[in-house]
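What follows is each chain in one-letter form.
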Amino acid sequence: MAAGKIGTNLGDTVPDFKADSTQGRIEWHKFIEGSWAVLFSHPADYTPVCTTELGTVAAIIPEFEKRGVKVAALSCNDVKSHEGWVKDIEATSYSKGSPIAYPIIADPNRDIANQYKMVDPEEKNAAGLPMTCRAVFIIGPDKKLKLSLLYPATTGRNFPEILRAIDSLQLTVNHKVATPANWESGDKCMVLPTLTDDQATQNFGSFDVVDVPSEKRYMRLTADPTGATKGFMGQKCLMTLAGVASGALLGFVGGRVSNKS
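Residues numbered from 1 in each chain as written. Predicted model: local features only at pLDDT ≥ 70, side-chain atom pairs only at ≥ 80, totals over all residues. Heavy atoms only, no water.

Participant: Please provide a residue-by-residue account of the pairing of strand 8 (residues 134-139), values included.
Facilitator: Extensive coverage of strand 8 is indicated by the burial of six of its six residues. Residues R134, V136 and I138 point to one face of strand 8 and A135, F137 and I139 to the other, with burial holding for every one of them. For strand 8 and strand 9 (residues 145-151), the ladder comprises six bridges, and the chain directions are antiparallel. Looking across to strand 9, one finds that I138 is bridged to L147. Hairpin geometry of strand 8 and strand 9 is characterised by an intervening segment of five residues between the two adjacent antiparallel strands and by a positive phi of about 65° at K143. (Buried < 20%, exposed > 50% of the residue type's maximum accessible area, 1.4 Å probe, protein only. Helix = DSSP H or I, 4+ residues; strand = E, 2+ residues; numbered from the N terminus. Pairing = 2+ DSSP bridges.)

What follows is the structure, given as structure tokens:
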């Protein structure tokens with residue numbers, strides 16, 4: 001696509017829209033103005049996996065906030081449905097007692113879903129209409145798409161991975177590094193191949209070269225230039241997620257252990 005064209009490919013300006021939500025009318029580009037943002041869709045309200053996901057986001061919303069990231073959810077249900085469902089989400093162990101402090105956008109006509117290409121052709125509601133997939137769109141302050149993920153309806157998202165990806169995106173937009181496999185904030189980074197050794201020394205002070213059979217010097221590691229310490233989410237957030245997981249294993253819902261299957 002040409003530069004600046006509206007679309008949902010990496011580097012495109014994401015589509016703007018106006019829609020109702022649980023926090024009132026939203027004009028998307030105004031809502032995310034100057035901020036990083038995450039728009040994530042779910043197939044339907046009052047469904048089990050979606051409930052765990054939105055509850056988990058409620059519990060870790062401070063992690064998004066400290067990264068300067070605005071969050072919004074979306075499905076093809078209307079606002080009345082969203083508002084009723086919120087009570088269920090907040091009653092489960094996944095929310096850890098946190099309110100749904102982010103908007104859930106209503107898209108009953110599937111206008112936004114079609115704009116963002118997040119319609120799941122395999123999943124349909126009782127009326128036979130397609131539902132939204134589990135999409136994730138990470139958007140930069142320039143309103144351009146930086147990362148997208150699409151999950152099937154049966155697979156819940158890993159939100160620590162989404163936070164990890166945001167950390168990488170925010171790091172690499174400001175520094176001439178890339179992040180290796182399984183990287184977390186505070187880990188060593190890869191020096192970009194476009195930098196000479198002299199330029200790398202000017203930028204980072206020092207770096208290590210990984211010996212490989214080809215003897216080419218393309219595997220160069222340097223310390224996280226932000227000075228971040230190891231542990232991308234923080235102890236409090238890790239404990240929150242551990243509590244969510246253990247509560248789920250016990251069938252803990254709304255403060256009660258349920259033996260119902």
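Participant: Before we move on, can you summarise the nonpolar core with the specific residues and values?
Facilitator: Counting residues in each nonpolar core, the largest one holds 29 residues, and the members touching the most others are F40, F64, Y102 and I138. Every element with two or more residues in this core is listed here: strand 3 (36-41), helix 2 (48-59), helix 3 (61-66), strand 4 (69-75), helix 4 (79-91), strand 8, strand 9 and helix 6 (159-172). When residues in this core are grouped by element, the largest group, six residues, is from helix 6. Not counting chain neighbours up to four residues away, the residues in contact with Y102 comprise T22, Q23, F40, L54, V57, A58, I61, V71 and A73. Membership of the second largest hydrophobic core comes to 21 residues, among which are F17, L74, M118 and I139. (Core = buried A, V, L, I, M, F, W, Y, C linked by side-chain atoms within 4.5 Å. Contact = heavy atoms within 4.5 Å.)

Participant: Please give an account of the sheet that holds strand 12 (residues 208-209) that cites residues and values.
Facilitator: Strand order in the open sheet formed by four strands is 10-11-13-12, with antiparallel pairing between adjacent strands. On the outer flanks of this sheet lie strand 10 (177-178) and strand 12, each paired with one strand and no other. Pairing geometry for strand 11 (residues 189-191) and strand 13 (residues 220-222), over two bridges, is antiparallel. Each bridged residue has a counterpart across the sheet, and for C189 the counterpart in strand 13 is T222.

Participant: Lay out the packing of aromatic side chains with the relevant residues and their values.
Facilitator: If you walk through the whole model with that rule in mind, you get six aromatic pairs. Measuring from ring centre to ring centre gives 6.1 Å for F17 and Y116, while their planes differ by 80°; the resulting arrangement is edge-to-face. Here F17, found in the segment before strand 1 (18-19), pairs with Y116, found in the loop between helix 5 (111-115) and strand 6 (119-124); they are 99 residues apart in sequence, far enough to count as distant. Each member of the pair, F17 as well as Y116, is classed as buried. Connected via pairs of aromatic rings, a cluster forms that spans F17, W28, F31, Y116 and F137. When the ring centre of F31 is taken as origin, the NZ or CZ atom of K70, which lies over that ring, is 5.2 Å away. If you follow R220 out to its NZ or CZ, it ends over the ring of F207, 5.8 Å from the centre. (Phe/Tyr/Trp six-rings, centres within 6.5 Å; stacked < 30°, edge-to-face > 60°. Lys NZ or Arg CZ within 6 Å of the ring centre and 35° of its normal.)

Participant: Mind laying out helix 2, listing which residues take part and the relevant values?
Facilitator: Given a rise of 1.5 Å per residue, 12 residues ought to cover 16 Å, and the 17 Å separating the end C-alpha atoms of helix 2 matches this to within 8%. Among the 12 residues in helix 2, nine count as buried, and that is most of the element. For helix 2, every residue scored as buried is listed here: C50, T51, E53, L54, G55, T56, V57, A58 and A59. (Expected span 1.5 Å × (residues − 1).)

Participant: Go over the UniProt feature "active site" (unreviewed entry) in the protein chain with me, naming the residues and quoting the values.
Facilitator: In the UniProt entry, the feature "active site" (unreviewed entry) is given for C50. When you line up the elements, C50 lands in helix 2. Ignoring anything within four residues of it in the chain, the contact list for C50 reads H42, P43, A44, W85 and R134. (UniProt positions renumbered as here; feature names shortened; annotations may be inferred.)

Participant: Can you break down the pairing of strand 4 residue by residue, with the values?
Facilitator: Among the seven residues that make up strand 4, six are buried, leaving the element largely enclosed by the rest of the structure. Here three bridges tie strand 4 to strand 5 (residues 104-106), and the two strands are oriented parallel to one another. Bridged to S75 within strand 5 is A106. A crossover links strand 4 with its parallel partner strand 5, the connecting element being helix 4, and its sense is right-handed. (Right-handed = clockwise from strand over helix to strand, strands pointing away.)

Participant: Residues and numbers for the pattern of salt bridges, please.
Facilitator: Any two side chains of opposite charge can pair, on the condition that their charged atoms come close. Using the criterion set out here, one finds 13 salt bridges in the structure. The partner of E53 in a salt bridge is R134, with the nearest N and O atoms 2.9 Å apart. Pair noted here: E53 is in helix 2 and R134 is in strand 8, with a separation of 81 residues, a long-range link. R134 carries the same exposure label as E53, and that label is buried. (Salt bridge = Lys/Arg side-chain N within 4 Å of Asp/Glu carboxyl O.)

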